[in-house]
Amino acid sequence: MEVLIDAHCHTVVAGELDAAAFELACTEAHLPAPAGTSYLDSQVGLALRRWCAPALGLPGHAEIGDYLARRSALGWRDATRTLLRSAGLTTLLVDTGLDGPDRLDPATLGDLAGAAVHEVVRLETVAEHVASTGVDAAGFAAALAEALERRTAHAVAVKSVIAYRAGLAVPAERPAAAEVRRAAGDWLRRGGGRLTDPVLLRHVLWAGVGTGLPLQVHTGFGDRDLALPAADPAHLQPFLGAVDVPVVLLHCYPYHRQAGWLAQVYPHVYLDVGLTVGHLGLRADTVLAECFELAPFGKVLFSTDAYLLPELYLIGAAQFRHSLRRMLDAWRADDAISAADAARLAERVCAGTARRVYALPPTGRAGGSA
Amino acid sequence: MEVLIDAHCHTVVAGELDAAAFELACTEAHLPAPAGTSYLDSQVGLALRRWCAPALGLPGHAEIGDYLARRSALGWRDATRTLLRSAGLTTLLVDTGLDGPDRLDPATLGDLAGAAVHEVVRLETVAEHVASTGVDAAGFAAALAEALERRTAHAVAVKSVIAYRAGLAVPAERPAAAEVRRAAGDWLRRGGGRLTDPVLLRHVLWAGVGTGLPLQVHTGFGDRDLALPAADPAHLQPFLGAVDVPVVLLHCYPYHRQAGWLAQVYPHVYLDVGLTVGHLGLRADTVLAECFELAPFGKVLFSTDAYLLPELYLIGAAQFRHSLRRMLDAWRADDAISAADAARLAERVCAGTARRVYALPPTGRAGGSA
Amino acid sequence: MEVLIDAHCHTVVAGELDAAAFELACTEAHLPAPAGTSYLDSQVGLALRRWCAPALGLPGHAEIGDYLARRSALGWRDATRTLLRSAGLTTLLVDTGLDGPDRLDPATLGDLAGAAVHEVVRLETVAEHVASTGVDAAGFAAALAEALERRTAHAVAVKSVIAYRAGLAVPAERPAAAEVRRAAGDWLRRGGGRLTDPVLLRHVLWAGVGTGLPLQVHTGFGDRDLALPAADPAHLQPFLGAVDVPVVLLHCYPYHRQAGWLAQVYPHVYLDVGLTVGHLGLRADTVLAECFELAPFGKVLFSTDAYLLPELYLIGAAQFRHSLRRMLDAWRADDAISAADAARLAERVCAGTARRVYALPPTGRAGGSA
């Protein structure tokens with residue numbers, strides 16, 4: 001099996017999950033499905049039964065009830081290890097902004113997966129932590145810079161979720177120090193908490209750029225907290241024109257064709273297919289090919305964006321391998337690409353581009369920071 | 001043939017049509033095609049000759065002139081009955097907002113189709129009727145509520161065309177009574193007529209929500225009266241977050257991927273493929289599959305959105321059956337879905353979900369209101 | 001080989017190109033690709049090696065270094081002639097707004113290609129030239145009208161790049177004379193140069209409409225000078241509703257489905273697949289089919305939008321022929337279209353519609369103006 005680097009993922013739950021919680025973790029919804037329907041009656045559900053049931057020793061397409069019973073019988077830790085190992089990932093770049101006491105720590109996640117782990121630092125989480133330390137408005141910017149320097153000392157990237165908080169129509173200019181101070185004052189007086197002020201979000205984004213690390217940006221679909229049209233990555237053009245760190249556009253769907261164009265015309269811009277491949281299941285064939293329209297082949301990266309469930313790691317990895325092979329087979333059948341070029345493209349999107357962009361060590365098993 | 005419920009359609013012309021009128025009824029255009037071209041030289045035209053010519057005893061792909069001659073020879077009533085019966089629809093949910101003296105009444109439409117009929121009440125039409133009754137500004141809101149209660153007593157859904165009148169960027173809030181009174185005063189002073197005032201349109205939409213019935217909303221393409229970017233259903237997010245009746249997004253194309261996401265993250269939101277499947281002809285294979293990307297399978301509904309021509313009923317139904325089977329066959333060939341799951345998906349999109357959402361009686365032939 | 005009219009293209013470089021300049025001419029980017037990547041590691045690169053290498057006597061998929069060595073050995077003039085002839089184009093409609101001393105003049109381009117040449121006049125270039133002639137604000141509008149009349153005497157179309165300068169959300173109204181005079185005064189006082197004033201751009205667009213010629217409009221992707229969301233052709237609706245000359249939407253991707261709808265509901269609107277087919281290489285199969293969803297078949301035109309490299313002529317033409325045949329073969333395999341209808345569709349998109357819209361003489365080799 002070829003080397004596969006998961007360039008953007010999250011940790012998983014450390015414990016048993018009941019059927020309702022499991023179902024909700026398979027979707028971007030946060031409320032139960034209407035009576036008579038199930039979120040597992042979906043592309044994710046089909047993919048789960050196709051790729052994960054055999055990994056736990058069941059026939060492919062086993063019913064979801066049988067799958068959950070089997071998962072329970074194995075216990076969450078064994079099931080997690082088996083599913084993660086089956087994903088065959090050599091390296092995980094873990095966004096640590098969604099950690100919690102009931103979640104695996106990144107090192108344990110890596111041990112169970114048999115993969116090296118590197119950290120991706122979520123910018124808004126760091127800012128919210130700084131706000132909780134008793135800093136005042138005048139000291140906020142310096143405290144944030146200091147915290148980011150410390151937190152990213154061993155990280156391979158930073159990540160922004162500004163799409164959720166203010167949308168991607170970010171002005172090109174860094175906000176002025178006085179503006180930041182004023183906005184920080186307002187925020188801190190309200191006790192901090194979830195950061196939604198657009199000036200501060202923009203300042204935090206630029207503080208991320210200041211680390212010099214690659215910047216991962218959530219774009220496209222997610223949960224309903226975001227306004228979808230405002231998450232079109234094309235809105236980032238002014239910001240992209242103003243920075244020169246590598247910017248990796250995560251997810252992108254349904255604006256992945258727009259993202260492909262950005263990846264062609266901005267040398268420092270990349271397109272990551274994580275979340276999209278996993279959530280679309282068998283439709284990943286089509287959407288992957290759409291990602292490879294305008295984007296140069298060395299600008300597309302694989303990730304799972306898996307979160308909470310080890311199943312999402314296996315679905316993301318297995319469906320990606322399958323769909324990539326089907327896409328390249330179709331291109332070969334049309335005599336549109338040589339076998340050597342197809343192999344080169346696959347190597348890049350699976351591992352080579354991630355290694356280059358995130359400056360990862362050449363061996364799979366590196367001394368990650370997390 | 002499986003049970004197929006047409007969850008959104010309109011009545012058809014009661015009478016003969018000349019070639020020019022027939023051609024124009026096959027398109028969303030309202031002006032003749034330029035010299036040397038024809039609107040029937042299109043996906044709809046191909047689908048018409050493929051699916052309707054054999055129903056009238058001609059070979060598949062018969063020339064359009066031969067088709068129209070045959071239709072004339074049969075007479076509109078026989079042709080209409082034959083085409084509607086060939087569509088094999090068990091139940092029709094008819095939007096009665098486009099009725100007229102030269103159109104079939106819903107009961108006759110159902111008789112010719114051999115189908116049960118239920119009514120969908122178009123909100124703006126009711127409001128415009130109320131305005132013509134001599135009501136004053138102070139009484140408008142109550143008169144509308146009363147009219148809706150009466151008109152929907154036996155209806156299964158209400159429908160909004162606010163996309164045509166003001167776009168879908170509807171604020172989440174119900175307009176205040178004073179605002180509504182003022183806007184109603186302005187409208188009534190101008191003599192009523194076509195309702196385009198954004199405050200009143202919003203009030204009418206909320207009055208529709210107040211009926212408790214499922215709300216069908218025109219989204220995506222239609223005729224050129226609408227501004228296409230304003231018909232992106234994603235603009236509805238604030239409104240969707242504020243209501244809890246089932247909301248069925250009609251048509252959606254070319255924003256059907258956005259609609260699929262809405263159907264995943266809002267439990268009460270559904271995606272209806274009507275109009276799109278019919279107008280896209282053979283391309284329905286592709287677009288149907290795009291609808292089944294993020295939308296849970298129990299959230300997608302079939303309809304024809306047929307209007308004026310019985311041919312559009314048959315095209316909508318026959319192309320849908322064909323494209324759905326091709327889509328599922330391709331999934332089966334990839335071993336991505338079991339035969340049982342494919343059958344379950346088909347049953348839901350054809351009938352099961354419509355029955356659930358619109359609370360239809362279990363038998364095909366129910367005592368509809370229309 | 002069927003007649004193929006290139007309905008929108010540009011001239012090519014008259015001279016040798018080094019590898020870096022060649023690579024940059026294959027992309028919409030204007031900065032080098034990041035170290036370790038290449039813009040030729042892309043759909044354009046695959047298509048170039050597939051279609052152009054054999055034309056120069058190399059095996060298909062030859063490495064790019066071998067290709068460039070071969071091209072050098074032949075010399076630019078022989079390579080250009082061979083590549084252009086291999087494209088098999090009978091007529092070229094050349095946008096002359098990007099000419100320069102190091103470029104082939106249109107007549108020589110036509111001679112090398114063995115094709116008739118007609119001119120497309122770029123409106124903004126004419127306006128910028130008028131501004132350099134010493135005209136004053138009061139005389140600008142008349143001087144522009146006079147220049148356009150002279151420049152278009154033998155032209156077949158005019159072209160606008162307003163998408164790059166102000167976006168496509170153009171108000172329906174022609175700007176008032178006083179507004180134009182004021183804006184012209186400001187521009188001329190600054191010494192003219194690149195025209196970016198929205199009022200003047202709109203005036204220039206309307207002056208183009210005033211010629212009565214078909215209007216080609218850049219829409220969709222291009223280089224990063226444009227804001228992609230503002231290049232969605234659907235923003236043109238108010239303008240389209242106000243004019244009646246034929247309007248040809250160029251490129252359109254990723255908004256080509258929106259363009260297809262415009263081509264259905266506005267009788268005078270057309271969709272040109274140039275740039276998109278060439279840049280997408282093997283993915284042209286898919287995107288061509290998306291263009292043929294809502295657009296009537298007599299509303300879609302072929303062009304290459306080739307610029308600088310004769311390779312882009314050959315890629316555009318060869319990939320288009322290949323993808324069109326594959327699309328129609330798939331439709332035939334589904335029994336969705338008759339052989340005669342498929343041939344008619346192909347004839348129209350290849351040549352018939354261009355002849356009609358641009359009023360081209362019936363023979364391939366006409367006495368063009370350029």
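What counts as what
Residues numbered from 1 in each chain as written. Chains lettered and ligands numbered in written order. Predicted model: local features only at pLDDT ≥ 70, side-chain atom pairs only at ≥ 80, totals over all residues. Heavy atoms only, no water. Helix = DSSP H or I, 4+ residues; strand = E, 2+ residues; numbered from the N terminus. Rg over C-alpha atoms; globule rule 2.2 N^0.38 Å. Buried < 20%, exposed > 50% of the residue type's maximum accessible area, 1.4 Å probe, protein only. Areas by Shrake-Rupley, 256 points an atom, 1.4 Å probe, with all protein chains shown as cover. Lys, Arg positive; Asp, Glu negative; His and termini not counted. Charge placed at Lys NZ, Arg CZ, Asp CG, Glu CD. Least-squares fit on C-alpha atoms with pLDDT ≥ 70 in both. Contact = heavy atoms within 4.5 Å. UniProt positions renumbered as here; feature names shortened; annotations may be inferred. Salt bridge = Lys/Arg side-chain N within 4 Å of Asp/Glu carboxyl O. Pairing = 2+ DSSP bridges. Phe/Tyr/Trp six-rings, centres within 6.5 Å; stacked < 30°, edge-to-face > 60°. Lys NZ or Arg CZ within 6 Å of the ring centre and 35° of its normal. Buried area = accessible area lost by both parts, 1.4 Å probe. Polar contact = N/O pair within 3.5 Å; in protein donor to acceptor, adjacent residues only side chain to side chain. Nonpolar A, V, L, I, M, F, W, Y, C, P; charged D, E, K, R; others polar. Axes fitted to C-alpha atoms, helices over the stretch in contact; angles between N-to-C directions. Parallel < 35°, antiparallel > 145°, perpendicular 65-115°, else oblique.

On to the overall build of chain A, then. Scanning chain A for helices and strands turns up 16 helices and 8 strands. Here the C-alpha radius of gyration of chain A, 20 Å, is about what a compact globule of 370 residues would show, namely 21 Å. Evaluated residue by residue, chain A yields a buried proportion of 65% over its 370 residues. Roughly 12,000 Å² of accessible area belongs to chain A as shown, and the carbon and sulfur atoms make up 54% of that amount. For chain A, the distance from the average position of its 33 positive side-chain charges to the average position of its 40 negative side-chain charges is 2 Å.

Now for the relation of the copies chain A and chain B. Between the two copies of the chain lies a rotation about an axis combined with a shift along it. Note on the copies: chain A fits chain B at an RMSD of 0.0 Å, the axial shift is 0.0 Å, and the rotation between them is 120°. Read as a symmetry element, the transformation amounts to a three-fold axis. Proximity to the rotation axis, assessed at the C-alpha, singles out A:Thr286 in chain A; its C-alpha lies 5.6 Å from the axis. Comparing interface residues between copies, only 5% of those in chain A also sit at the interface in chain B, which points to a heterologous contact through distinct surfaces.

Right, let's talk about the UniProt feature "domain: Amidohydrolase-related" (unreviewed entry) in chain A for a bit. Summarizing the sequence annotation, UniProt attributes the feature "domain: Amidohydrolase-related" (unreviewed entry) to residues 127–359 of chain A in the numbering used throughout. The span residues 127–359 of chain A carries 52% helix and 9% strand; its end-to-end C-alpha distance comes to 25 Å.

Our focus in this paragraph is the environment of B:Ala289. Here B:Ala289 shows up in helix α14 (residues 284–291). Aside from chain neighbours lying at most four places away, what touches B:Ala289 is A:Arg283 and B:Met327.

All right, on to the pattern of salt bridges then. For the structure on display, the rule yields 66 salt bridges over all chains. For A:Asp102, the salt bridge identified is with A:Arg103, shortest N-O distance 3.6 Å. Exposure remark for A:Asp102: the relative accessible area of 41% places this residue in the partly exposed category. Put simply, B:Glu290 and B:Arg257 hold a salt bridge, and the shortest N to O gap is 3.9 Å. Here B:Glu290, found in helix α14, pairs with B:Arg257, found in helix α12 (residues 256–265); they are 33 residues apart in sequence, far enough to count as distant.

Before going further, it helps to examine the relation of the copies chain B and chain C. Laying chain B over chain C is done by rotating through 120° and shifting 0.0 Å along the axis; what remains is an RMSD of 0.0 Å. Little of the interface of chain B is mirrored in chain C, where only 5% of its interface residues are also at the interface.

Residue and element names in this part refer to chain A. In terms of burial, strand β2 (residues 91–95) is largely enclosed, as 5 of its 5 residues are buried. Residues Thr91, Leu93 and Asp95 line one face of β2 and the alternating positions Leu92 and Val94 line the opposite face, and both faces are buried. Here strand β1 (residues 5–9) runs beside β2; their pairing, made up of 3 bridges, is parallel. Bridge pairing links Asp6 to Leu92 in β2. For β2 and strand β3 (residues 116–122), the ladder comprises 5 bridges, and the chain directions are parallel.

With the rule as written, the count across this model stands at 24 aromatic pairs over all chains. Pairing B:Phe302 with B:Phe320 gives two aromatic rings, centres 4.5 Å apart and planes at 35°, and the pair type is tilted. Residue B:Phe302 is located in the loop between β8 (300–301) and α15 (310–333), and its partner B:Phe320 is located in helix α15; the two are separated by 18 residues in the primary sequence. Assessed through its relative accessible area of 0%, B:Phe302 is described here as buried. Taken together, a centroid distance of 5.5 Å and an interplanar angle of 75° make the contact between C:Trp206 and C:Phe239 edge-to-face. Here C:Trp206, found in helix α10 (residues 198–210), pairs with C:Phe239, found in helix α11 (residues 237–242); they are 33 residues apart in sequence, far enough to count as distant. Each member of the pair, C:Trp206 as well as C:Phe239, carries the same accessibility label: buried. Through successive ring pairs, a cluster of aromatic residues spans A:Phe292, A:Phe297 and A:Trp331. Between A:Lys299 and the ring centre of A:Tyr270, over which it is positioned, the NZ or CZ distance is 4.9 Å.

As a measure of interface size, the accessible area lost when the parts come together is often cited. If you look at the interface, chain B gives 40 residues, while chain C gives 32 residues. Both faces combined, the contact of chain B with chain C buries some 3,000 Å², and carbon together with sulfur accounts for 53% of it. Among the residues chain B hides against chain C, the three largest losses belong to B:Asp41, B:Arg224 and B:Arg283. Together they make up 21% of the total. We note a salt bridge from B:Arg326 to C:Asp334, for which the minimum N-O separation is 3.0 Å. Across the chain B-chain C interface, the total number found is 17 residue pairs in polar contact (both at pLDDT 80 or more). For the side of chain B that touches chain C, the element with the most residues is helix α2 (residues 43–55) of chain B, which contributes 4 residues. Taken together, the residues that form the side of chain B that touches chain C break down as 18 nonpolar, 12 polar and 10 charged.

Moving on, we get to α12(B). Along an α-helix, residues three or four apart share an orientation, since each turn contains 3.6 residues. With 10 of its 10 residues buried, α12(B) lies for the most part within the structure. Those residues of α12(B) that fall on the buried side of the exposure criterion are B:His256, B:Arg257, B:Gln258, B:Ala259, B:Gly260, B:Trp261, B:Leu262, B:Ala263, B:Gln264 and B:Val265.

All names here are of chain C. Taken together, 8 strands build an open sheet; the order of strands is β1-β2-β3-β4-β5-β6-β7-β8 and the sheet is parallel. Each having just a single partner strand, β1 (5–9) and β8 (300–301) make up the two edges of the open sheet. In terms of strand pairing, strand β6 (residues 247–251) meets strand β7 (residues 269–272) through 4 bridges, oriented parallel. Counterpart to Val248 in the pairing with β7 is Tyr270.

All names here are of chain C. Closest axis-to-axis distance for the helix α3 (residues 64–74)/helix α4 (residues 76–87) pair is 5 Å, and the angle between their directions is 110°. The angle between α3 and α4 falls in the class roughly perpendicular. Packed against α3, whose contacting residues are Tyr67, Arg71 and Leu74, the element α4 presents Trp76, Asp78, Ala79 and Leu83 at the interface.

To continue, consider unusual backbone geometry. Along the chain, A:Tyr253 connects to A:Pro254 via a cis peptide bond; the corresponding omega equals 0°. For A:Pro254, the location among the structural elements is in the loop between β6 (247–251) and α12 (256–265). One non-glycine residue, B:Leu308, lies in the positive phi region at around 75°. Summarising the element assignment, B:Leu308 is placed in the loop between β8 and α15. The class of B:Leu308 is buried, set by a relative accessible area of 17%. One non-glycine residue, C:His251, adopts positive backbone phi at about 70°. Structurally, C:His251 is set in strand β6. Assessed through its relative accessible area of 3%, C:His251 is described here as buried.

The next subject is the sheet that holds β8(B). All names here are of chain B. If you trace the 8 strands from one edge of the open sheet to the other, you get β1-β2-β3-β4-β5-β6-β7-β8, paired in parallel fashion. At either margin of the open sheet sits one strand with a lone partner, and together these are β1 (5–9) and β8. By the bridge criterion, 3 bridges tie strand β4 (residues 157–160) to strand β5 (residues 215–219) in an arrangement that is parallel. When the sheet's bridge partners are listed, Val158 is paired in β5 with Leu215.

Residue and element names in this part refer to chain C. Inspection of the secondary structure assignment puts Asp272 in strand β7. There is no salt bridge for the buried Asp272, and the closest opposite charge comes from Lys159, which lies 9.8 Å off by N-O distance. In this structure, Asp272 is in contact with Ala7, His8, Val248, Leu249, Leu250, His251, Cys252, Leu301, Phe302 and Ser303, ignoring residues within four places of it in sequence.

What follows is about the interface of chain A and chain B. Listed as interface residues are 40 residues of chain A and, on the opposing side, 32 residues of chain B. Here chain A meets chain B over a buried area of about 3,100 Å², counting both sides, of which 53% is carbon and sulfur. Remark: the boundary between chain A and chain B carries 6 salt bridges. Those elements that place two or more of their residues in the side of chain A that touches chain B are α2 (43–55), α13 (276–280), α14 (284–291) and α15 (310–333) of chain A. The dominant element in the side of chain A that touches chain B, judged by the number of residues it contributes, is α2(A), at 4 residues. Grouping the constituent residues of the side of chain A that touches chain B by class yields 18 nonpolar, 12 polar and 10 charged.

Take the side chain of C:Thr96 next. Tracing the backbone through its elements, the reader meets C:Thr96 in the loop between β2 (91–95) and α5 (106–113). Leave out the neighbours within four places in its chain, and C:Thr96 touches C:Pro106, C:Glu119, C:Val120 and C:Arg151.

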